[in-house]
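Okay, here's what each chain looks like letter by letter:
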Amino acid sequence: MMCHYWDIFSLSPKHLNLLLLIVSILYSTFIFGRELSLKPMIANTPVVLHSSIVHNNDSIIITSFKAYIVIPTLTDTFVHLLDIEDNLICSIPDDAESVIIGIDSMQTVKTNFSGALDPIHGMFWTWNSGYINVKIEGISQRSMQRNHIFQMHLGGFTAPHQVSIPLRIPRNTPIKLSIDIAPCIDAVLSNYQGTVMSPGKHAHELMRILQRSITIEQ
Amino acid sequence: MRHIILISCSMFLLMSFISVNDEYFPKPKYPIADPDSPIVSLGRELFHDPILSKDSTVSCASCHSQYNAFAHSDHALSHGSADRIGRRNAPSLINLAWSESFMWDGASFSLEAQVLTPLTAHHEMDNSLDTILHRLRNQTKYSNLVQKAFGESPIQTKHVLKAIADYESTLISRNSRYDSMRMHLVEFTEQEKKGYVLFKQYCNRCHAEPLFTNGQFANNALPVDTTLNDLGRYAITQDSAQIRHFKIPTLRNLLYSFPYMHDGRFKRLREVLNHYAEGINMHDETRSIKHLIPLSSHDITDLMSFLHALTDRTFIFNPAFSTKQYPQRNQ
């Protein structure tokens, strides 16, 4: 009898690992069941950090791509800051039916300034408070700026220039958001000398262009 | 016996009268913190500590000094790190818990968010959050204070913002002659009464009692300073109707908070009143005051005496606001 009890408590490390694995798989499928990934593209070419892509007789290099992803569910709201320097993947709950690209007015006003929302990540405008929803920076021969750089810090949470992008997504399946950033880059270069760094009309227009360039792949 | 009942009855009546009339103050928008709480202690220390600026020379209190009602007295445009001159005059910090947007143009949406602006602005404290957190984490004083205040360490951005915002929420001024009058503890002099009537007629729609601001933005038609060309609220909203609209400032403790206006153009209160009486810029299309305000020189004197009644010495000299007179209690 004693031996019987003992058996239960004497799982070998191997068994323990197995058990942990099973528990974590169960946990992740039930709670954070699936992946959401962002796939920035320039026309049909996937963006790779610091490598040049030919587009419109121009060669474009992306040096930074960061975006906020907010997942509202019935019980909670999850906020992720995805950065091409790390990876552009986060876990989202199975039952989520929408995601928002960017920090909308409600989230901005109730921010607790911690985790993904900590201003230390350089995604909060201190002089014109609110979060940068999407940051895209790079180099293009078409840019008139010093060293041919272009910069888009797109955001804005107050009327009439609220610019976060709400998207409906299917349940229970991994989501891949493919974003063609070429039209947006073309617009900032031809209309705004390569820089938009504050909320307002220009950021609004660029976010709308970005919104039209998103396709949801399952 | 009859007397005692009579006296206690009238006392009771008087007390209830007072407490009812105390309600002339609206509910705050930001919860007011307990001045004795460890979070406020931390905030008070941070507010007065130059460690927050890049070259460790400037603290919040350098530009917002208690003896100037937390404004900056000697400069029209405030000075920051390495003596860089800013674009605007430092406003007084009074009853901020009732405010919903901060800065002359309302660029900040909360008391906590506002703290980030001076910390990282080039012409103010010119620092980065990384450096600030790093410095604070290396000081045992702050490790202890943060542990006490939040029960966790190391210090993070959110702690700095919350502590300073909580401290600022305690900067409450409601103990002026005007407040005593509202609570029926004193009666205004004839001159103050006349000034009060004029005030209600011409000023109250913007500088609304009892906070002496309605929290909105307006253009009080100052002649345009072309060297600064400050477009105010328009820079934030890009709404052309709001060109040169600025946050309507409180009028409490004006005697201490000179110079006046977003660019500190007026040193004396009388100059401000002369502006409303004869200086309104009639060419400014976006102005919120259509005509000169008809104030005789007698009226101006009466208005001045009313504005003086908004002075609250217990605010200016409250030891609880200062680190000097309120040494770190819990250490």
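Residues numbered from 1 in each chain as written. Chains lettered and ligands numbered in written order. Predicted model: local features only at pLDDT ≥ 70, side-chain atom pairs only at ≥ 80, totals over all residues. Heavy atoms only, no water.

## Considering the overall build of chain A
Phase 1 of the analysis: Per the secondary structure count, chain A includes five helices and 13 strands.
Phase 2 of the analysis: For chain A, long-range pairs separated by at least 24 residues make up 69% of all intrachain contacts whose partners lie at least 6 apart in sequence.
Phase 3 of the analysis: For chain A, the accessible area works out to roughly 11,400 Å², and carbon and sulfur atoms hold 59% of it. (Helix = DSSP H or I, 4+ residues; strand = E, 2+ residues; numbered from the N terminus. Contact = heavy atoms within 4.5 Å. Areas by Shrake-Rupley, 256 points an atom, 1.4 Å probe, with all protein chains shown as cover.)

## Some words on the interface of chain B and chain A
Phase 1 of the analysis: In this assembly, 16 residues from chain B lie in contact with 20 residues from chain A.
Phase 2 of the analysis: On inspection of chain B and its partner chain A, the count reaches zero salt bridges.
Phase 3 of the analysis: When contributions to the side of chain B that touches chain A are tallied by element, the ones reaching two or more residues are helix H4 (111–120), helix H5 (129–137) and helix H7 (157–169) of chain B.
Phase 4 of the analysis: With five residues, the top contributor of residues to the side of chain B that touches chain A is H4(B).
Phase 5 of the analysis: In terms of residue class, the side of chain B that touches chain A is made up of eight nonpolar, five polar and three charged. (Salt bridge = Lys/Arg side-chain N within 4 Å of Asp/Glu carboxyl O. Nonpolar A, V, L, I, M, F, W, Y, C, P; charged D, E, K, R; others polar.)

## Focus: the environment of B:Thr213
Residues and elements named next belong to chain B.
Phase 1 of the analysis: Counting through the fold element by element, Thr 213 comes out in the loop between helix H9 (190–202) and strand E1 (217–218).
Phase 2 of the analysis: Taking the C-alpha atoms as reference points, Thr 213 and Leu 251, 38 residues apart in sequence, are found 7.5 Å from one another.
Phase 3 of the analysis: Residues contacting Thr 213, with those up to four places away along its chain left out, are Cys 206, His 207, Ala 208, Ile 248, Pro 249 and Thr 250.

## With respect to the packing of H4(B) against H7(B)
Residue and element names in this part refer to chain B.
Phase 1 of the analysis: At a closest axis distance of 8 Å, the pairing of H4 and H7 adopts a crossing angle of 110°. If you check the angle between H4 and H7, you find them roughly perpendicular. Here Leu 111, Glu 112, Gln 114, Val 115 and Leu 116 of H4 lie close against H7, whose contacting residues are Thr 157, Leu 161, Lys 162, Ile 164, Ala 165, Glu 168 and Ser 169.
Phase 2 of the analysis: For the contact of H4 with H7, the residue count by class is six nonpolar, three polar and three charged. (Axes fitted to C-alpha atoms, helices over the stretch in contact; angles between N-to-C directions. Parallel < 35°, antiparallel > 145°, perpendicular 65-115°, else oblique.)

## Some points on the pattern of salt bridges
Two side chains of opposite charge can pair, provided their charged atoms sit close to one another.
Phase 1 of the analysis: Applying the stated rule across the entire model yields 18 salt bridges over all chains.
Phase 2 of the analysis: For B:Glu100, the salt bridge identified is with B:Lys29, shortest N-O distance 3.9 Å. Residue B:Glu100 is found in the loop between helix H3 (60–63) and H4, and its partner B:Lys29 is found in the loop between helix H1 (2–21) and helix H2 (38–48); the two are separated by 71 residues along the sequence.
Phase 3 of the analysis: Residue B:Glu192 is joined to B:Arg177 by a salt bridge in which the shortest nitrogen-to-oxygen separation is 2.7 Å. Here B:Glu192 is found in helix H9, whereas its partner B:Arg177 is found in helix H8 (residues 177–182), with 15 residues between them in sequence.
Phase 4 of the analysis: Within the structure, one salt-bridge network assembled from shared partners comprises A:Asp58, A:Arg142 and A:Asp186.

## Remarks on the packing of helix H4 (residues 182–191) of chain A against helix H5 (residues 201–212) of chain A
Residues and elements named next belong to chain A.
Phase 1 of the analysis: Running from N to C, H4 and H5 point in directions that differ by 155°, and their axes come no closer than 8 Å. Comparing the axis directions of H4 and H5 gives the class roughly antiparallel. Crossing handedness for the pair H4 and H5: right-handed. Residues Pro 183, Cys 184, Ala 187, Val 188 and Asn 191 of H4 form the contact with H5, whose participating residues are Glu 205, Leu 206, Ile 209 and Leu 210.
Phase 2 of the analysis: Across the contact of H4 with H5, the residue classes tally to seven nonpolar, one polar and one charged. (Left-handed = near helix turned anticlockwise from the far one by under 90°.)

## Here we look at the domain arrangement of chain B
Residues and elements named next belong to chain B.
Phase 1 of the analysis: Structurally, chain B comprises domain 1 (27–173) and domain 2 (177–311).
Phase 2 of the analysis: One C-alpha centre belongs to domain 1, the other to domain 2; they are set 27 Å apart.
Phase 3 of the analysis: With 25 residues of domain 1 in contact, the opposing surface of domain 2 contributes 24 residues.
Phase 4 of the analysis: By the criterion of area lost to domain 2, the three top residues of domain 1 are Asn 89, Trp 104 and Asp 105, representing 30% of everything that side buries.
Phase 5 of the analysis: On inspection of domain 1 and its partner domain 2, the count reaches one salt bridge.
Phase 6 of the analysis: Here Asp 230 ties to Arg 88 by a salt bridge, and the two come within 2.7 Å at their closest N and O atoms. (Domains from an automatic or database assignment. Buried area = accessible area lost by both parts, 1.4 Å probe.)

## Brief notes about the confidence of the model for chain B
Residues and elements named next belong to chain B.
Phase 1 of the analysis: Here chain B shows a mean pLDDT of 88. Residues at 70 or above account for 86%.
Phase 2 of the analysis: Between residues 11–20, whose pLDDT stays under 50, and residues either more than four places distant or in other chains, the model counts three contacts.
Phase 3 of the analysis: Below a pLDDT of 50 lies the segment residues 326–331, which in the model reaches 13 contacts outside its immediate sequence neighbourhood of four places, other chains included.
Phase 4 of the analysis: If you check the scores for this complex, the pTM reads 0.85 and the ipTM reads 0.75. (pLDDT = per-residue confidence, 0-100.)

## Observations concerning the side chain of B:Asp312
Residue and element names in this part refer to chain B.
Phase 1 of the analysis: Along the chain, Asp 312 turns up in the loop between helix H12 (297–308) and helix H13 (313–316).
Phase 2 of the analysis: Salt bridges are absent for the buried Asp 312, whose nearest opposite-charge side chain, Arg 252, sits at 5.6 Å.
Phase 3 of the analysis: Looking at Asp 312, its side chain comes within polar contact range of the side chain of Ser 173, at 2.8 Å.
Phase 4 of the analysis: Residues within four places of Asp 312 in sequence aside, it is in contact with Ser 173, Arg 174, Asn 175, Ser 176 and Asn 253. (Buried < 20%, exposed > 50% of the residue type's maximum accessible area, 1.4 Å probe, protein only. Lys, Arg positive; Asp, Glu negative; His and termini not counted. Polar contact = N/O pair within 3.5 Å; in protein donor to acceptor, adjacent residues only side chain to side chain.)

## Remarks on the pairing of strand E10 (residues 165–168) of chain A
All names here are of chain A.
Phase 1 of the analysis: Residues Ile 165 and Leu 167 line the buried face of E10, whereas the alternating positions Pro 166 and Arg 168 sit on a face that is not buried.
Phase 2 of the analysis: Taken together, the four bridges between strand E7 (residues 98–101) and E10 define a ladder with antiparallel strand orientation. Note on E10: the bridge partner recorded for Ser 98 is Arg 168. (Pairing = 2+ DSSP bridges.)

## Focus: empty space enclosed by the protein
One water molecule sets the probe size; rolling that probe over the atoms shows where empty space is left.
All names here are of chain B.
Phase 1 of the analysis: Inspection of every chain in the model, using the stated rule, returns two cavities of 30 Å³ or more.
Phase 2 of the analysis: Of the pockets and cavities examined, the largest cavity occupies roughly 130 Å³.
Phase 3 of the analysis: Together, 16 residues line the largest cavity, and Leu 222, Arg 244, Phe 246, His 262 and Arg 265 are the ones closest to its centre.
Phase 4 of the analysis: A class-by-class count of the residues in the lining of the largest cavity yields seven nonpolar, four polar and five charged.
Phase 5 of the analysis: Approximately 30 Å³ is the volume attributed to the second largest cavity.
Phase 6 of the analysis: Together, Tyr 202, Cys 203, Leu 273, Tyr 276, Ile 293, Leu 295 and Leu 303 line the second largest cavity.
Phase 7 of the analysis: Residues that form the lining of the second largest cavity fall into these classes: seven nonpolar, no polar and no charged. (1 Å grid on protein atoms, 1.4 Å probe; cavity = no way out; pocket = protein on both sides within 12 Å on 5 of 7 lines; lining within 4 Å. Points joined across faces, edges and corners; volume = space filled by probe spheres on them.)

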